[in-house]
There are 2 protein chains.
Amino acid sequence: TSSGVFLLQMGWGDLGAFGEPSKETPNLDQMAAEGMLFLDFYTANPLCSPSRAALLTGRLPVRNGFYTTNGHARNAYTPQDIVGGIPDSELLLPELLKKAGYTNKIIGKWHLGHRPQFHPLKHGFDEWFGSPNCHFGPYDNRERPNIPVYRDWEMIGRYYEDFKIDLKTGEANLTQLYLQEALDFISKQQASQQPFFLYWAIDATHAPVYASKQFLGTSQRGLYGDAVREIDDSVGKILKHLQQLGISENTFVFFTSDNGAALISAPTQGGSNGPFLCGKQTTFEGGLREPAIAWWPGHIPAGGVSHQLGSVMDLFSTSLSLAGLQPPSDRQIDGIDLLPVILQGKLIDRPIFYYRGNELMAVRAGLYKAHYWTWSNSWEEHSKGIDFCPGQSVAGVTTHTQEEHTHLPLLFHLGRDPGEKYPLSFASEEYQRAVEHISGLVQQHKATLVPGQPQLNVCDQAVMNWSPPGCEKLGKCLKAPESDPKKCSWPH
Amino acid sequence: TSSGVFLLQMGWGDLGAFGEPSKETPNLDQMAAEGMLFLDFYTANPLCSPSRAALLTGRLPVRNGFYTTNGHARNAYTPQDIVGGIPDSELLLPELLKKAGYTNKIIGKWHLGHRPQFHPLKHGFDEWFGSPNCHFGPYDNRERPNIPVYRDWEMIGRYYEDFKIDLKTGEANLTQLYLQEALDFISKQQASQQPFFLYWAIDATHAPVYASKQFLGTSQRGLYGDAVREIDDSVGKILKHLQQLGISENTFVFFTSDNGAALISAPTQGGSNGPFLCGKQTTFEGGLREPAIAWWPGHIPAGGVSHQLGSVMDLFSTSLSLAGLQPPSDRQIDGIDLLPVILQGKLIDRPIFYYRGNELMAVRAGLYKAHYWTWSNSWEEHSKGIDFCPGQSVAGVTTHTQEEHTHLPLLFHLGRDPGEKYPLSFASEEYQRAVEHISGLVQQHKATLVPGQPQLNVCDQAVMNWSPPGCEKLGKCLKAPESDPKKCSWPH
């Protein structure tokens, strides 16, 4: 059975099936109606790189090294001046699937490091079309090079130069390119009758948000909505393609997101987390609870809904299971195999750990969520208009100083209070019982935790994408400045 | 064609189909899947009595008298010491439907005045099972009598005495009684082959929230969720009953709410308004945007979605249209006939007026909403913990003083910003264009507006439910105190 993972940056509340009031995602809603909706599904970090590293390794970022110790509870990712990336010691899903004869392709943003040793084709992927970093820019190619776009081993151009993004109009045809890549890859695999893993990790809804001309202005929601519509349309075309090729019953497809909607960029460049608190960068529900849909015609009963606490890391274990493989036994794997949940309606008891950088901020078990630390962002940043919780403010919860609650965690019941507005009384029996249970889980977790070497500590302008492989052929090699390694500055 | 209207107090975000994360409303979700979901549907007031008066008259509360002039922009309703009620000059939907041979029944809360002249059977209903006021209590029957429950012309008991509500456990079997009444009425009408109008206006989700024993503890959402589940179950049973009797294709059914979720009572006694701002009592989207579903098998295409700006007042005109009747031509009717929307997918251009008491606070036209006044509640109330926007605060928008913006309205684009967090720049061309358009609508509206005599100004303890008709038979007549009319005090 092949696997396809759609990994977008989208908020819980961005899909019609999850209550977006414009209801403009007919294809994703159809995918949900034909498959299974996960209502309690989480990413592994409120930021993209660590979540993507977690998905592909089945392990928390604190284990696989996708975090920083430069500051307490600092989010970090892989801009192009970061020195680190995915360690060779980590076993990635595509590396393992290869043993079962899979062909693996990544389309879109890799984000697990851009230096040569971190190249996706050195970590199990057979094909790549996309970029190593976010599509920020345009840059001047002197202070900072534009981000390259790769086909497999080599770059084939750069954003804003060969792959246009019009920041004024928001027009870019990239999603169409990524769609075509997916359709072609699937056709090729169907023809060769080989199983495949397709990781469609595109970034149209990540600032700077873009959409193709035919989608611009089509949404009630502005440019962000246009991008959502184009992604929705693409997902629909990919699923239809699987059906038309007659391989949909042999292909498990999962749609989810790498972090909550970036409310800091809302409303033009950021989406919606529905009824949840705050967004990307935070460990409130808006930061990590994600839209999630499993689709596998003929296997998953149509219209299913699951309250299983799920994680992007489960896609690692589930895809291995579909390939008849076991997860590696020489290391801690945080993901679980969701097939019993999906196929037999089981509910597996497991906690969700909400990390921010090097700190365990919160833990969910059942319907209870305990916050051991609260923080939105600093007063200093907030006063400059950087707001992760626009329009929201819960006293003592959305704090602008890092508040420690390790002795008396703030406890919420996410069934009665999905918006994390009403902390339970410390004196209540319900509080005592739930916190005792969660504290046990935390102790157990911390006792066995072996943090990886932090990969996101050191930045160096010399390691930016000056001269990626293939640049000679294109005449696009740039001169790197002298190496000047320093601690990365992570504001949040 | 018969008409059924389910009118609850429920928030936009309380239904699975509208994105409630526990997804516990399978019957309502099924109703939506078989019928048409209205995503931009409004009640006529952020409070119950005026909304109900508007639904049954097709007219704004400011026209039919369901408002107060005791204070500026004060919400008002009909507690049992209110002297006023629905004027005889108003033509109610059931009065008109009678001319087409309909039998009309109200089950649940009337709320259009409890004095003899306001009795629902004097205003077109043929049958009544329910109460004239909210089920607050228990009272001591000295300072204040318990609320009577009527069957048709006479009371048959009182809440907390003959109709138990256990405030400690939240247990009450009232929804089951109301369900059975509906099933029996429908059976009787089917047997007699007479068209009917059934108005199922029950109050389990209004504080004090209650549910029957078999539903207590069944929801992830606590007591409020238990009540929602019971209502959902009841709606499912009523629709199934229509189908089993073979009359579903002759019965138009609409589900909606009389105001947004009462966030002041959340989380135990209040629901969710999803991504919208604030709740009941306010003229933000959370106060008036409602869940809404139209169902009419064989006529409405399954799975439809409409962005028609709709109003509870449209149920007046639509039900008349279904009966082959015209709305009265001697007065302004604010409701429109939704059948072209529902059956032919048309979109009718019309504004939504958001009143709070005697003040036009805001107007929506298309995707734009202009606030002419903003107010949540007073600082004085807020400091006592009365909060209509818990966890939400938008600077200059959720104001605690009444802020006038009649010269420069605050403008929101509800497609890009359904949560009313980002007012448009006054200087933008978009602002100028939209405000000019809406200002024209306001001028037109105000120029032709003939306010009704305000019914909700005077209170008198002598008019309370001391000795309702039928009390003698039950030995439940109480002695009324002396009449002492005074201005009603309306805090909000």
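Overview of the structure. All figures in this text were calculated on a predicted structure; none of them were measured in a lab.

## Some details on the relation of the copies chain B and chain A
Then, number 1: The transform that puts chain B on chain A rotates by 180° and translates by 0.0 Å along the axis, for an RMSD of 0.0 Å. Each copy turns onto its partner about a two-fold axis. If distances are taken from each C-alpha of chain B to the rotation axis, the shortest is found for glycine 19 of chain B, at 1.9 Å.
Then, number 2: Taken together, the interface assignments show that 100% of the residues at the interface of chain B recur at the interface of chain A, consistent with an identical surface on both copies.

## Observations regarding the state of the cysteines
Then, number 1: What the rule picks out here adds up to six disulfides over all chains.
Then, number 2: Covalently, cysteine 471 of chain A is tied to cysteine 477 of chain A through a disulfide, its sulfur atoms 1.9 Å apart. Of note, the bridge from cysteine 471 of chain A to cysteine 477 of chain A carries an S-S torsion of about 95° and is right-handed in sense.
Then, number 3: Of the residues examined, cysteine 471 of chain A reaches a relative accessible area of 1% and is grouped as buried.
Then, number 4: Taking relative accessible area as the criterion, cysteine 477 of chain A reaches 35% and is therefore assigned partly exposed.
Then, number 5: For cysteine 278 of chain B, the disulfide goes to cysteine 389 of chain B, at an S-S distance of 2.1 Å. Judged by the sign of its S-S torsion, about 100°, the cystine formed by cysteine 278 of chain B and cysteine 389 of chain B is right-handed. Of this pair, cysteine 278 of chain B sits in the loop between strand 9 (251–257) and helix 7 (285–288) while cysteine 389 of chain B sits in the loop between helix 10 (379–383) and strand 18 (403–404), placing them 111 residues apart in sequence. In this structure, cysteine 278 of chain B and cysteine 389 of chain B share a single accessibility class: buried.
Then, number 6: Going through chain A in sequence order and numbering each bonded cysteine, the pairs you get are 1-2, 3-6, 4-5.
Then, number 7: Counting only cysteine sulfurs, cysteine 48 of chain B is the nearest neighbor of cysteine 134 of chain B, a cysteine outside any disulfide, at a range of 4.7 Å.

## Some details on the nonpolar core
Then, number 1: With 76 residues, the main nonpolar core has Phe38, Leu56, Trp110, Phe197 and Tyr199 of chain A as its most contacted residues.
Then, number 2: Counting only domains with at least three residues in this core, you end up with domain 1 (2–348) and domain 2 (355–448) of chain A.
Then, number 3: Excluding residues that lie within four positions of it along the chain, tyrosine 199 of chain A makes contacts with Val5, Leu7, Arg52, Leu55, Leu56, Lys105, Ile106, Ile107 and Phe125 of chain A.
Then, number 4: Counting 75 residues, the second largest nonpolar core, distinct from the first, contains Leu60, Ile86, Leu322 and Ile336 of chain B.

## A look at the sheet that holds strand 13 (residues 310–311) of chain B
Residue and element names in this part refer to chain B.
Then, number 1: Reading across from one edge, 10-3-13 is the order of the three strands in this open sheet, with mixed pairing throughout. Strands at the two margins of the open sheet, each flanked by one partner only, are strand 10 (289–290) and strand 13.
Then, number 2: Across two bridges, strand 3 (residues 41–42) lies against strand 13 in parallel orientation. Its bridge partner being in strand 13, phenylalanine 41 is matched across the sheet by glycine 310.

Conventions adopted
- Residues numbered from 1 in each chain as written.
- Chains lettered and ligands numbered in written order.
- Predicted model: local features only at pLDDT ≥ 70, side-chain atom pairs only at ≥ 80, totals over all residues.
- Heavy atoms only, no water.
- Least-squares fit on C-alpha atoms with pLDDT ≥ 70 in both.
- Contact = heavy atoms within 4.5 Å.
- Disulfide = S-S within 2.5 Å.
- Buried < 20%, exposed > 50% of the residue type's maximum accessible area, 1.4 Å probe, protein only.
- Helix = DSSP H or I, 4+ residues; strand = E, 2+ residues; numbered from the N terminus.
- Core = buried A, V, L, I, M, F, W, Y, C linked by side-chain atoms within 4.5 Å.
- Domains from an automatic or database assignment.
- Pairing = 2+ DSSP bridges.

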